[in-house]
Amino acid sequence: WIAIHAGYQAALFAAGFGFLGLSLNGGSLVGLFLVVVAYAACLIALMLLVTATFRTVQQVNALSNVGAMVMGGIGGALVPLEQLPGWAQAVAPATPPYWAMQAHRNIFLEQGTLADVLPEVAVLAAAAAGFGLLAAIRFRVDETKEFFA
């Protein structure tokens with residue numbers, strides 16, 4: 001699953017490079033790769049936790065769609081963080097998109113090196129481990145998911 005999500009992100013970056021003139025401008029390609037993998041692992045672990053927690057497919061889908069928009073918006077993926085209200089800026093560091101966006105900004109706009117993005121990668125990897133642990137604790141083999149409840 002991580003490879004699929006990382007491939008999706010790679011396709012988006014390839015489109016950005018090819019069609020929109022996106023450039024690393026000297027930023028670290030290895031750092032970008034690590035950010036993509038860590039973010040993918042974090043999101044997949046979070047979705048495993050959501051799936052292990054909710055009872056129906058509809059609940060999982062609803063939370064996934066709404067949660068992605070809310071976390072992306074608060075994390076600075078939809079608008080610059082500086083444009084958000086103060087309360088959202090205060091909450092932003094609690095979301096995985098915040099850390100991914102900080103790392104991407106560092107790589108693409110500030111010519112960040114691998115060492116520059118390691119703190120963000122570490123936060124994303126720690127969040128992935130935490131979400132994965134919670135998902136493993138919550139998961140029940142005998143608890144089947146229902147499509148409609």
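So, a few notes on the structure that sits alongside this text.

Rules used in this analysis
- Residues numbered from 1 in each chain as written.
- Predicted model: local features only at pLDDT ≥ 70, side-chain atom pairs only at ≥ 80, totals over all residues.
- Heavy atoms only, no water.
- Buried < 20%, exposed > 50% of the residue type's maximum accessible area, 1.4 Å probe, protein only.
- 1 Å grid on protein atoms, 1.4 Å probe; cavity = no way out; pocket = protein on both sides within 12 Å on 5 of 7 lines; lining within 4 Å.
- Points joined across faces, edges and corners; volume = space filled by probe spheres on them.
- Helix = DSSP H or I, 4+ residues; strand = E, 2+ residues; numbered from the N terminus.
- Nonpolar A, V, L, I, M, F, W, Y, C, P; charged D, E, K, R; others polar.
- Patch = residues over 30% accessible without salt bridge, like charges linked within 9 Å, V, L, I, M, F, W, Y side chains within 5 Å.
- Areas by Shrake-Rupley, 256 points an atom, 1.4 Å probe, with all protein chains shown as cover.
- Salt bridge = Lys/Arg side-chain N within 4 Å of Asp/Glu carboxyl O.
- Expected span 1.5 Å × (residues − 1).
- Contact = heavy atoms within 4.5 Å.
- Core = buried A, V, L, I, M, F, W, Y, C linked by side-chain atoms within 4.5 Å.

Now for unusual backbone geometry. Within the chain, Asn25 stands out as a residue other than glycine whose phi angle is a positive 50°. A relative accessible area of 47% places Asn25 in the partly exposed class. Of note in the backbone geometry, Gln111 takes a positive phi value of approximately 55° without being a glycine. Note on Gln111: relative accessible area 38%, which makes it partly exposed.

Time to look at the layout of surface pockets. What the largest pocket holds in volume is close to 1,200 Å³. Contributing elements (two or more residues each) for the lining of the largest pocket: helix 1 (2-19), helix 2 (29-53), helix 3 (57-75) and helix 5 (96-110). Looking at the lining of the largest pocket, its residues break down into 27 nonpolar, ten polar and one charged.

Taken together, Val30, Phe33, Leu34, Leu114 and Leu118 make up a surface patch of nonpolar side chains, about 420 Å² in accessible area. Breaking the nonpolar patch down by element, the ones donating at least two residues are helix 2 and helix 6 (114-138). No other element matches helix 2, which puts three residues into the nonpolar patch. When you line up the elements, Val30 lands in helix 2.

Moving on, we come to helix 3. Spanning 19 residues, helix 3 covers 26 Å between terminal C-alpha atoms, matching the ideal 27 Å at 1.5 Å per step. Those residues of helix 3 lying buried are Val60, Ser64, Gly72, Gly73, Ile74 and Gly75. Residues of helix 3 that are buried in the fold lie against helix 2, helix 4 (86-91) and helix 5. Within two residues after helix 3, Gly76 carries a phi angle of roughly 95°, on the positive side.

Membership of the largest hydrophobic core comes to 19 residues, with the highest contact counts inside it found for Leu32, Val35, Ile107, Phe108 and Leu124. Looking at this core, the elements that each hand over two or more residues are helix 1, helix 2, helix 5 and helix 6. Counting residues per element, this core draws most heavily on helix 2, at eight residues. Ignoring anything within four residues of it in the chain, the contact list for Leu32 reads Phe13, Leu24, His104, Ile107 and Phe108. If you look at the next biggest cluster of nonpolar residues, it comprises six residues, including Ile74, Leu81, Ala92 and Tyr98.

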